[in-house]
Amino acid sequence: MQSSKPFSSATNLKRLILEIVISLAGVTCSFALSHIGIIKCGLFLLSFSLLFIFINHPILLLVVAYSSGIFKDWLTEKTALFASIDFTVFIFSLTIIILTFHFIRVGKIWQLKVPPGFISFSLLFLLMIFSLFYTASPKYGLLKTSSFFFFNGSLFIFSYLAITTREDINAFIKFFALLVGGVAVFALGNLIHGFLKGNLIFSYRASFLGINPISYANWIGAANIFFISLLFGSIDRTNKIFLGILVVILTAAMLVSNSRGPIASFVFSLAVLGLINIQHLKIKHLIQGGSAILLTIIVLFFLLPEQVTSRYLDLFGGGSDVVSKVHSAYTINTRLFAWQTAVSAALSNVRTFFLGIGSGGFSSLFYGLDVRLYPHNMLIEVFCELGLVGLILLISHFYILFSLFFAKLKNIGGQDKFTFLGLVMAAIFLTFSAQFSGDLNDNRRIWFFLGLALASLEIYLKNAKNLYNDKYQTSNN
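Residues numbered from 1 in each chain as written. Predicted model: local features only at pLDDT ≥ 70, side-chain atom pairs only at ≥ 80, totals over all residues. Heavy atoms only, no water.

**Quick word on the overall build of the protein**
Link 1 in the chain: When helices and strands are counted, the protein shows 20 helices and zero strands.
Link 2 in the chain: Across the 477 residues in the protein, those meeting the buried criterion constitute 47%.
Link 3 in the chain: Summarising the internal contacts of the protein: among those between residues at least 6 apart in sequence, 78% fall at separations of at least 24. (Helix = DSSP H or I, 4+ residues; strand = E, 2+ residues; numbered from the N terminus. Buried < 20%, exposed > 50% of the residue type's maximum accessible area, 1.4 Å probe, protein only. Contact = heavy atoms within 4.5 Å.)

Here it is in structure tokens:
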């Protein structure tokens, strides 16, 4: 005889809970509509929906956290919430909470491990804390130190821990392609609209929602070098066509940013990628791929209006706008003078040579202000503010990781090799670009790709080992 009790089964209990939640949601929405208006209520429901999506797709949240700088300025200007609450702090806090909840839910909270290179990263952070006792910029120094640990560390740790399966890697690729492709199409569409309206000026620098063009170009460039690597290794025709179109769009979006540092880093990364792939691809295919990319850049360069390429021409004296030439010379000379000043400060005495002038101290040295200013070269910045000890810690951190990556690359085969290599090349691109612009925290995206590369390396090596064992057992049978 079937029980008549309302909680006689787990299904009835779940149904009751769902009905209670729906009822409460309906009451809440009715109350909200009558008190805060339909627009704010809609925003609330949208936020709730996004939260639900992020909980069920933590990889998407990780991609959003990596891309937080792309949306921050616009959200700060357009929404009252992020005018009072820093969007980057908000999205990173949300990422930490949701991913921690995810680890608990899937039962992996006690299986978490420390990634390679974390010790040198932690020692660099401890040195930054120690340097706060003698820095001339205590406010910026404290902000810089805490941001390095919270933002850079979170991207490094959680990108490493969140990716545990091949499905996670595929989900990242899909989310990343949709987000980066959508942003690039929007930026190019906005550029075309401005060109047709006659609103472009010389040295015009296209970006997304008004963010810094260099930051935008670095974000696009890292994605571009990643997808180019995938294109090299793709064997599916449809996938090749999709990746080819995406690479053309991203390359155009990079060029119109009119940012020289990211473009130089992109060319350097392409050269490195080509040298690595000489061992894994036929020379004919490598030449075809490299020629196609080079031809795409040249064609885009000549098709695009001079307003969005003038800064590149100024380097060779080919620009036609005098103001643009003067500004370019000023920018380059200012950077060179800042680098010279930073190195001279580090070499001024024994203490500064070994321990630097303190975290954030360059701003007081060069500008006389305790504000967020830096020499726009990550290695020189660390040498100036944290001395030779800090520089050794940073370089050893990168050496540990990159030497591990290239040592294990030969053990990965097929499409997996190019996916893994793409993640490594994105980190190389961002590391090289960090020598032209930004500081440690601006270049936090490096650690996102380092964490992803570590995670994918473990997955692919495990898969390669399983394939070897299966083949070995089959041969014995």
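**What about the packing of aromatic side chains?**
Link 1 in the chain: Tallied over the entire structure, the rule returns 37 aromatic pairs.
Link 2 in the chain: Ring centres of F121 and F148 lie 4.7 Å apart, and the angle between their planes is 20 degrees; this geometry places the pair in the stacked category. Highlighted residues: F121 in helix α7 (residues 118–131) and F148 in helix α8 (residues 138–162), separated in sequence by 27 residues.
Link 3 in the chain: When its relative accessible area of 3% is taken as the criterion, F121 is described as buried.
Link 4 in the chain: On the accessibility criterion, F148 (0% relative accessible area) is buried.
Link 5 in the chain: Residues F226 and F227 carry aromatic rings whose centres are separated by 5.1 Å and whose planes lie at 65 degrees to one another, so their mutual orientation is edge-to-face.
Link 6 in the chain: Judged by relative accessible area, F226 falls into the buried class, the value being 0%.
Link 7 in the chain: F227 gets classed as buried once you look at its relative accessible area, which sits at 1%.
Link 8 in the chain: Feature note: the residues F118, F121, F148, F156, F398, F402, F405, F420 and W447 constitute an aromatic cluster, connected by ring pairs.
Link 9 in the chain: The ring of Y66 carries the charged tip of R445 above its face, separated from the ring centre by 6.0 Å. (Phe/Tyr/Trp six-rings, centres within 6.5 Å; stacked < 30°, edge-to-face > 60°. Lys NZ or Arg CZ within 6 Å of the ring centre and 35° of its normal.)

**Some points on the side chain of S137**
Link 1 in the chain: Within the element layout of this structure, S137 appears in the loop between α7 and α8.
Link 2 in the chain: Since its relative accessible area comes to 0%, S137 is described here as buried.
Link 3 in the chain: With sequence-adjacent residues up to four places away left out, S137 is seen in contact with S359, G360, G361, S363, S364, L369 and D370.

**Here we look at a nonpolar patch on the surface**
Link 1 in the chain: Taken together, the side chains of I119, L123, L126 and I129 define a hydrophobic patch exposed on the protein surface, amounting to about 370 Å² of accessible area.
Link 2 in the chain: Note on placement: L123 falls in helix α7.
Link 3 in the chain: Judged by its relative accessible area of 41%, L123 falls in the partly exposed class. (Patch = residues over 30% accessible without salt bridge, like charges linked within 9 Å, V, L, I, M, F, W, Y side chains within 5 Å. Areas by Shrake-Rupley, 256 points an atom, 1.4 Å probe, with all protein chains shown as cover. Salt bridge = Lys/Arg side-chain N within 4 Å of Asp/Glu carboxyl O.)

**Focus: the environment of F405**
Link 1 in the chain: Tracing the chain through its elements places F405 in helix α18 (residues 378–408).
Link 2 in the chain: Each C-alpha atom of the pair F405 and F420 lies 8.8 Å from the other, and the pair is 15 residues apart in sequence.

**Regarding the nonpolar core**
Link 1 in the chain: Of all hydrophobic cores here, the largest spans 111 residues; its most connected members are F172, F176, F227, F405, W447, F449 and L450.
Link 2 in the chain: It is helix α20 (residues 445–476) that provides the largest number of residues to this core, a total of 12 residues.
Link 3 in the chain: Beyond its immediate chain neighbours, meaning those up to four positions away, F449 contacts Y66, F172, F176, A222, L423, A426, A427 and L430.
Link 4 in the chain: Ranked by size, the runner-up nonpolar core spans eight residues in total, among them A338, A342, F362 and I380. (Core = buried A, V, L, I, M, F, W, Y, C linked by side-chain atoms within 4.5 Å.)

**Brief notes about the pattern of salt bridges**
Link 1 in the chain: For the coordinates displayed, the defined rule picks out seven salt bridges.
Link 2 in the chain: One salt bridge in this structure joins E385 and K144, with 2.6 Å as the shortest N-O distance. Here E385, found in helix α18, pairs with K144, found in helix α8; they are 241 residues apart in sequence, far enough to count as distant.
Link 3 in the chain: For K144, a relative accessible area of 2% translates into the label buried.
Link 4 in the chain: Here R166 makes a salt bridge to D416, at a shortest N to O gap of 2.7 Å.

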